[in-house]
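Structural overview for review
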Amino acid sequence: MAENAVHISSTEHTKPTIFELWAQDSLMSTLQPSFKIICDFLGAKNFNRYRWLLKWHDEAFLALNLLLQFHYLNKYNASFSEAFYSLKRIPVKNGKNTLSMKLKLKSLLSLTVVPYILSRLRSYMDRLKQEESTESENDLLKHSTQSVIRTLFVLVNGINVFYSVKYMIGKSKTHTICDELTEIEITHEVHKSTAWSDILRELKSNPRNITTLIPVIFKLSSQILELSAFIIQFLNWWNTSQINININALPVPPPPSCNIAYNNMCPICSRPRKTEVVLQPSGFVFCYPCIVQYLDEEKKCPITNIPATTKDLVRLYTE
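Residues numbered from 1 in each chain as written. Predicted model: local features only at pLDDT ≥ 70, side-chain atom pairs only at ≥ 80, totals over all residues. Heavy atoms only, no water.

Okay, the pairing of strand β3 (residues 276–279) next. Residue alternation in β3 divides its side chains into two sets, Glu 276 and Val 278 and Val 277 and Leu 279, and both sets are buried. Across three bridges, the pairing between β3 and strand β4 (residues 285–287) is antiparallel. Across the sheet, the residue bridging to Val 277 is Phe 286, located in β4. Across three bridges, β3 lies against strand β5 (residues 313–315) in antiparallel orientation. Paired with Val 277 across the strands is Arg 315, a residue of β5. (Buried < 20%, exposed > 50% of the residue type's maximum accessible area, 1.4 Å probe, protein only. Helix = DSSP H or I, 4+ residues; strand = E, 2+ residues; numbered from the N terminus. Pairing = 2+ DSSP bridges.)

Structural data, given as structure tokens:
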């Protein structure tokens, strides 16, 4: 009986604290902003080559995230951020130590597709905030759409807070609604990592055996990804710190070299500007519908060719 008790205690899953779960959630949330920074950097260096990446960076990140999360779920039964914090996923119901293929696919969808949809909804809501129309009916429709999306986000965040509170008081095994719907819980028990000394010893004993290189490749890839997680967090911190720089202390950039005077005319449609917006990277003023359509297709200023997106637009209020 004592031996059985020891066996049970050795396989019992330990429950992580809510702070550990929030930490891995925070790491996961930094992946896409960091990827966007890399895309912007590449676009600034060579716009023609990486123009597609600026236009489809959300979809490119979705594809990259699918590959990354599938690898970690398939090998470690954990997401990338969960494996980084020595966590893993197990089924809630059957008590097994590994995920079935069905649960892995459900986890993959919750880790990749759901954040992608929420990100697209958030971008769409930000775009609706910037748009203005002279027709009251269209304004009502846009305001209604914003209200629906905003209510959805408030509802999702509220449910996640509710599950976090239940998790902290021991009334729930999951801390988010996605984990609840996926039917998984997160524990401390993770895969046993092979030491480098054992791998190198095996490699020396069988130097001509190609199969001995596979553990080396997997071990090296995992450590590179873990190091990349630190770099991603650093990039996110660096980008945030740059935003907090005192703008008044920065020198005013020189105006772009352009000798054309538009005289309150939109440079795109060559008509008097309606719903005026300024494109911050270049400083030129356009009609909102004209510049939004252009930026969606070209991802650059139509006059200076400086890389830009709709997030760089600022509404101008003139008499």
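What follows deals with the UniProt feature "domain: RING-type" (unreviewed entry) in the chain. What UniProt calls "domain: RING-type" (unreviewed entry) maps, in this numbering, to residues 266–304. Annotation note: span residues 266–304, helix share 28%, strand share 18%, distance between end C-alpha atoms 15 Å. (UniProt positions renumbered as here; feature names shortened; annotations may be inferred.)

We now examine the layout of surface pockets. The computed volume of the second largest pocket comes to approximately 1,000 Å³. Looking at the second largest pocket, it is lined by 36 residues, and the ones nearest its centre are Asp 25, Met 28, Ser 110, Pro 115 and Leu 118. Looking at the lining of the second largest pocket, the elements that each hand over two or more residues are α2 (18–29), α5 (57–76), α6 (80–84), α7 (101–130), α8 (136–168) and α9 (177–182). Broken down by element, the residue count for the lining of the second largest pocket peaks at nine residues, all from α7. Class assignment for the residues of the lining of the second largest pocket results in 15 nonpolar, 15 polar and six charged. (1 Å grid on protein atoms, 1.4 Å probe; cavity = no way out; pocket = protein on both sides within 12 Å on 5 of 7 lines; lining within 4 Å. Points joined across faces, edges and corners; volume = space filled by probe spheres on them. Nonpolar A, V, L, I, M, F, W, Y, C, P; charged D, E, K, R; others polar.)

Our next topic: empty space enclosed by the protein. Overall, the coordinates contain one cavity of 30 Å³ or more when judged by the stated rule. Along the walls of the largest cavity sit Phe 70, Leu 73, Asn 74, Lys 104 and Leu 108, which together make up its complete lining. Per-element accounting of the lining of the largest cavity gives the leading share, three residues, to α5.

Running from N to C, helix α3 (residues 31–45) and helix α4 (residues 47–55) point in directions that differ by 155 degrees, and their axes come no closer than 7 Å. On the basis of the axis angle, α3 is roughly antiparallel to α4. Like other packed secondary-structure pairs, α3 and α4 cross with a definite hand, here left-handed. Of the residues in α4, those in contact with Phe 35, Cys 39, Asp 40, Leu 42, Gly 43 and Lys 45 of α3 are Phe 47, Tyr 50, Leu 53 and Leu 54. Taken together, the residues of the contact of α3 with α4 break down into seven nonpolar, one polar and two charged. (Axes fitted to C-alpha atoms, helices over the stretch in contact; angles between N-to-C directions. Parallel < 35°, antiparallel > 145°, perpendicular 65-115°, else oblique. Left-handed = near helix turned anticlockwise from the far one by under 90°. Contact = heavy atoms within 4.5 Å.)

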